[in-house]
Amino acid sequence: MSVSVYIKASCIIRDHRIIKNGLVIFEGTDTGLPNFLNQSYQFLETKYPKFYKMDHLSKMGWLAAEVLLKESFDRAQYRAEDIGVVLMNANSSLDADIKYFESTKDIASPSLFVYTLANIVIGEISIKNNFKGESAFFIFEKFDAGFLTDYVSNLFSNNIVEVCICGWVEVLGETYKTALYLIEKEGAADMAFTKENLNKIYQS
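Here goes a summary of the coordinates provided. (Residues numbered from 1 in each chain as written. Predicted model: local features only at pLDDT ≥ 70, side-chain atom pairs only at ≥ 80, totals over all residues. Heavy atoms only, no water.)

1. Some points on unusual backbone geometry
And then number 1: Even without a glycine there, the phi angle at H16 is positive, about 60 degrees.
And then number 2: Checked against the element boundaries, H16 lands in the loop between β1 (6-14) and β2 (17-20).
And then number 3: Positive phi outside glycine occurs at S92, with the angle close to 50 degrees.
And then number 4: Among the residues examined, S92 registers a relative accessible area of 26% and is labelled partly exposed. (Helix = DSSP H or I, 4+ residues; strand = E, 2+ residues; numbered from the N terminus. Buried < 20%, exposed > 50% of the residue type's maximum accessible area, 1.4 Å probe, protein only.)

Below is the structure:
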């Protein structure tokens, strides 16, 4: 049986900007992606030293999740097993793969090898927030809102999740874009979890 679910919050990261629910909350200086990621972390005033060890894809997804959840999510309402994370991108972990391959020309880097799987970003988000529910990472040529709504709605309809973070997390060199959504069973009528609303936010 289908259930109604809603977009409770959204976070877009692009063009050195962090946008939450349609409003720019942070704009970094144009000094390259690594600096922007570190500036964003400092802006959030979060204490999580492991952040600096992550690859760029994990940093990007982790930052977006932190922004998404802050002041938008009551963690106490849910069991860890009821919170899912479903992500997608076009290039998997290629950004980290390239860096790891370059390291093998001298001494292969174990710290880079750890991130040569796209779903590690889900692990980083889940470890920080103690999420233990359904997780999946998919590869598509471009953002596929139709697939995302079908897949995540099915998780809700089958009582596999009670809340879900889902969306797009892409990093390759200096090219990046992230769009994450917090999906719950309660929300505003005009923010129903539909592919039209996902695309509208993604393209904003």
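2. Brief notes about the pattern of salt bridges
And then number 1: Evaluated as defined, the whole model comprises nine salt bridges.
And then number 2: We note a salt bridge from K99 to D95, for which the minimum N-O separation is 2.8 Å. On the criterion of helical spacing, the pair formed by K99 and D95 is a turn pair, its members being four residues apart in helix α3 (residues 94-103).
And then number 3: K105 serves as the salt-bridge partner of E102, at 3.2 Å between the closest nitrogen and oxygen.
And then number 4: A relative accessible area of 57% means that K105 is categorised as exposed. (Salt bridge = Lys/Arg side-chain N within 4 Å of Asp/Glu carboxyl O.)

3. Describing the packing of helix α2 (residues 56-69) against helix α5 (residues 120-129)
And then number 1: In the contact formed by α2 and α5, the axes pass within 8 Å of each other and the chain directions differ by 40 degrees. Here α2 is positioned oblique relative to α5, judged by the angle of their axes. Taken as a pair, α2 and α5 cross one another with a handedness that is right-handed. On α5, the residues that touch L57, S58, G61, W62, A65, E66 and L69 of α2 are I120, V121, E124, I125, K128 and N129.
And then number 2: Grouping the amino acids of the contact of α2 with α5 by side-chain chemistry returns seven nonpolar, three polar and three charged. (Axes fitted to C-alpha atoms, helices over the stretch in contact; angles between N-to-C directions. Parallel < 35°, antiparallel > 145°, perpendicular 65-115°, else oblique. Left-handed = near helix turned anticlockwise from the far one by under 90°. Contact = heavy atoms within 4.5 Å. Nonpolar A, V, L, I, M, F, W, Y, C, P; charged D, E, K, R; others polar.)

4. Topic: the pairing of strand β7 (residues 175-184)
And then number 1: Taken across its 10 residues, β7 has nine buried, putting it largely inside the fold.
And then number 2: Two elements, β1 and β7, share seven bridges in a ladder whose sense is antiparallel. Note on β7: the bridge partner recorded for C11 is L180.
And then number 3: Two elements, strand β6 (residues 163-172) and β7, share nine bridges in a ladder whose sense is antiparallel. What sits directly across from W168, in β7, is A179.
And then number 4: From the end of β6 to the start of β7, which pair antiparallel, there are two residues, and G173 there has a positive phi angle of about 65 degrees. (Pairing = 2+ DSSP bridges.)

5. Here's the deal with the sheet that holds β2
Across a sheet, strands are paired by hydrogen bonds formed along the backbone, either parallel or antiparallel in direction.
And then number 1: Strands sit in the order β3-β2-β1-β7-β6-β4-β5 across an open sheet of seven strands; the sheet is mixed. On the outer flanks of this sheet lie β3 (23-27) and β5 (135-139), each paired with one strand and no other. Direction aside, neighbouring strands of the sheet carry axes that sit 15 degrees apart on average.
And then number 2: Contacts from helix α7 (residues 195-202) reach β1, β6 and β7, with the element oriented near 30 degrees to β1.

6. Focus: the packing of aromatic side chains
And then number 1: Per the counting criterion, the structure on display carries 19 aromatic pairs.
And then number 2: Ring geometry for F36 versus Y176: centroids 5.9 Å apart, planes at 20 degrees, classification stacked. Taken together, the residues F36 in helix α1 (residues 33-44) and Y176 in strand β7 connect sequence positions 140 residues apart. Note on accessibility: F36 and Y176 belong to one class, buried.
And then number 3: Judged by centre distance (6.1 Å) and plane angle (45 degrees), the ring pair of Y41 and W62 falls under tilted. Here W62 lies in helix α2 and Y41 lies in helix α1, a separation of 21 residues in the sequence. When sorted by exposure, Y41 lands in the same class as W62, which is buried.
And then number 4: Here the aromatic residues Y41, Y48, F51, Y52 and W62 are joined through ring pairs into a cluster of three or more.
And then number 5: Lying over the aromatic face of Y202, K177 brings its terminal NZ or CZ to 3.9 Å of the ring centre. (Phe/Tyr/Trp six-rings, centres within 6.5 Å; stacked < 30°, edge-to-face > 60°. Lys NZ or Arg CZ within 6 Å of the ring centre and 35° of its normal.)

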